[in-house]
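Observations on the three-dimensional arrangement
Here's the letter readout for the chains.
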Amino acid sequence: MIKEKWLAGIDIGGTTIKLAFLTESGELKTKWEIPTDANQGGLKVVKDIGETIREKLLDLNKEADILQAIGVGAPGFLEMETGFVYEAINLGWKDFALKDELEHELGVPTAIDNDANLAALGERWLGAGDGAKDVLFITLGTGVGGGVIANEKILHGANGMAGELGHITVIPENGKQCNCGKTGCLETVSSATGIVQLAMEMIPDYPSSTLAPLMNENKITARDVLVFAGEGDEGAKAVVAKSMFYLGFVVANLANTLNPSRIVIGGGVSKGGQTLLDPLIETYTKFVLKRVGEAADIKIAELGNDAGVVGAAWIALAAKRQA
Ligand SMILES: [Zn+2]
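Keep in mind that this is a model prediction, so the values were computed, not measured. (Residues numbered from 1 in each chain as written. Predicted model: local features only at pLDDT ≥ 70, side-chain atom pairs only at ≥ 80, totals over all residues. Heavy atoms only, no water.)

1. Quick look at the overall build of the protein chain
Each helix and strand counted, the protein chain has 11 helices and 13 strands in total. For a compact globule of 323 residues, the expected C-alpha radius of gyration is about 20 Å, and the protein chain comes in at 21 Å, within 12% of that figure. Taken along the three principal axes of its C-alpha coordinates, the protein chain extends 65 × 45 × 35 Å. Of all 323 residues assigned to the protein chain, the portion counted as buried reaches 53%. Long-range pairs, those at least 24 residues apart, make up 62% of the contacts in the protein chain with a sequence separation of at least 6. In the structure as shown, the protein chain presents an accessible area of about 15200 Å², 51% of it carried by carbon and sulfur atoms. In the protein chain, 29 side chains carry a positive charge and 42 a negative one; their mean positions are 4 Å apart. (Helix = DSSP H or I, 4+ residues; strand = E, 2+ residues; numbered from the N terminus. Rg over C-alpha atoms; globule rule 2.2 N^0.38 Å. Buried < 20%, exposed > 50% of the residue type's maximum accessible area, 1.4 Å probe, protein only. Contact = heavy atoms within 4.5 Å. Areas by Shrake-Rupley, 256 points an atom, 1.4 Å probe, with all protein chains shown as cover. Lys, Arg positive; Asp, Glu negative; His and termini not counted. Charge placed at Lys NZ, Arg CZ, Asp CG, Glu CD.)

Following this line, the structure appears as structure tokens:
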């Protein structure tokens, strides 16, 4: 009997750590979560990961040596080659050798990358990316993140910042303050938070909108805006159209630069589905070069919250091959 070989994909977030075991051919065996105990520093998180993985293997009646490699997603400023975390504000980490510590803890090759890049790789491997060689991935959540896969490789750039497309300037003057310190970034208009801010500005012009009473109580969510837009509410539709105008403008310009064959929109906001895609594609089509547009499909992500752990397992496979 051929011995099974598993990979672990791990996604370290500010409140939870998501984990999964996958086979080398991409079959998801099991997934689970543990809370992130970040305030005791990085070493505690590494110990917790080691412990939960050993326990889970025991529960599943598997020998420890089934585990071939692990891949980890972490938020913050990272050096991918050395697996060094310069700073992860959400976790309170500074100058932490995450890869070395995990290799020491679990004794298998380990690779790290940032969470948005891993979501891109995950969607490419088992989701809406369909294994395409050139994929542009955009995640719309509380913020806007992204990942660029060029010729099957994730683009990191000179110091790991490639793909930070949430901070492309779309409003050069009088834009809103962004978390990054600049103003007028894509994130200020196309994230969940950005959509709510746009609604607060625009809904006063649509007094009969279903969003108007919610706005007076300060209770609008991005989900409300998308649901009501889907039901035909004119005010909500105008908000989504404006938010997606900026996104479509950015996606078209990025597509003109990268010539991808697949563009994938993920993150919580992407649950808006066609309500989001219709206005996005309208603007995109206006600004994309005809031949570039012919090569690329725009699709909603398929893996949801699993994209990160799936992408992490993918880089684990690469780490194993290099070891
Ligand atoms: Zn920004």
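From this point, things continue past the structure.
2. With respect to the sheet that holds strand 12 (residues 262-266)
If you trace the five strands from one edge of the open sheet to the other, you get 11-10-9-12-13, paired in mixed fashion. Each having just a single partner strand, strand 11 (153-154) and strand 13 (297-300) make up the two edges of the open sheet. Bridge count between strand 9 (residues 135-140) and strand 12: five bridges; the pairing is parallel. Looking at strand 12, one finds that L136 is bridged to I263. (Pairing = 2+ DSSP bridges.)

3. A closer look at the domain arrangement of the protein chain
Each domain of the protein chain was delimited in the assignment, giving domain 1 (6-121 + 306-322) and domain 2 (130-302). Spacing between the C-alpha centres of domain 1 and domain 2 amounts to 29 Å. Contacts between the two partners involve nine residues from domain 1 and, on the opposite side, 11 residues from domain 2. Inspection of the domain 1/domain 2 interface yields zero salt bridges. In terms of residue count, the dominant contributor to the side of domain 1 that touches domain 2 is helix 3 (residues 115-126) (five residues). When its residues are assigned to classes, the side of domain 1 that touches domain 2 shows six nonpolar, two polar and one charged. (Domains from an automatic or database assignment. Salt bridge = Lys/Arg side-chain N within 4 Å of Asp/Glu carboxyl O. Nonpolar A, V, L, I, M, F, W, Y, C, P; charged D, E, K, R; others polar.)

4. Looking at helix 7 (residues 222-230)
Within the sequence span of helix 7, burial applies to A222, D224, V225, L226, F228 and A229. In this fold, the buried residues of helix 7 make contact with helix 5 (192-202), helix 6 (211-216), helix 8 (234-258) and helix 9 (274-287).

5. Quick word on the side chain of D233
Relative to the helices and strands, D233 resides in the loop between helix 7 and helix 8. Reaching out from D233, the side chain makes a polar contact with the side chain of S209 at a distance of 2.9 Å. A distance of 3.1 Å separates a polar atom in the side chain of D233 from the backbone nitrogen of G235. For D233, the contacting residues outside a window of four places in its chain are S209, T210, L211 and F228. (Polar contact = N/O pair within 3.5 Å; in protein donor to acceptor, adjacent residues only side chain to side chain.)

6. Comments concerning the coordination of the zinc ion
The coordination sphere of the zinc ion, as far as protein atoms go, consists of H167 (ND1), C178 (SG), C180 (SG) and C185 (SG), spread over 2.0 to 2.3 Å. Of note is the zinc ion, whose four donor atoms meet at the metal with angles of 104 to 119 degrees in an arrangement that counts as tetrahedral. Taken in chain order, the donor set of the zinc ion reads H-x10-C-x1-C-x4-C. Residue classification places C180 among the partly exposed residues on the basis of a relative accessible area of 38%. (Donors = N, O, S within 2.8 Å, 3.2 Å for Na, K, Ca; no water. Tetrahedral: all angles 85-135°; square planar, octahedral: opposite > 155°, others 65-115°.)

7. Points about the pairing of strand 9
Across the six residues of strand 9, six count as buried, placing the element largely inside the fold. Taken together, the six bridges between strand 9 and strand 10 (residues 144-150) define a ladder with antiparallel strand orientation. Across the sheet, residue L136 finds its bridge partner in strand 10, namely V148.

8. Digging into the environment of N256
Position of N256 among the secondary structure elements: in helix 8. The spacing of N256 and F287 is 31 residues in sequence and 8.8 Å in space, taken between C-alpha atoms. The contacts of N256, once residues within four sequence positions are left out, are F287, V288, L289 and V292. For N256, the side chain forms a polar contact with the main-chain nitrogen of L289, separated by 2.9 Å.

9. Here's the deal with unusual backbone geometry
Most peptide bonds are trans, and most residues other than glycine sit at a negative phi. Despite not being glycine, D95 shows a phi value in the positive range, around 45 degrees. In this model, N151 sits at a positive phi of 50 degrees, which is unusual for a non-glycine residue. Mapped onto the secondary structure, N151 falls in the loop between strand 10 and strand 11. Using a relative accessible area of 53% as the deciding quantity, one classes N151 as exposed.

10. Quick notes on the sheet that holds strand 4 (residues 67-74)
As summarised here, the arrangement of the five strands in space is 3-2-1-4-8, forming an open sheet in which the pairing is mixed. Each edge of the open sheet carries a strand with a single partner, namely strand 3 (28-35) and strand 8 (110-114). Going from strand to strand, the sheet's axes swing by 20 degrees on average, the running direction of each strand aside. As paired elements, strand 1 (residues 6-12) and strand 2 (residues 16-23) share seven bridges and run antiparallel to each other. Paired with L7 across the bridge in strand 2 is L22. Across the sheet, helix 1 (residues 42-59) is in contact with strand 1, strand 2, strand 3 and strand 4; its angle to strand 2 comes to roughly 40 degrees. Of the strands in this sheet, strand 1, strand 2, strand 4 and strand 8 touch helix 3, which is tilted by about 105 degrees from strand 8. (Axes fitted to C-alpha atoms, helices over the stretch in contact; angles between N-to-C directions.)

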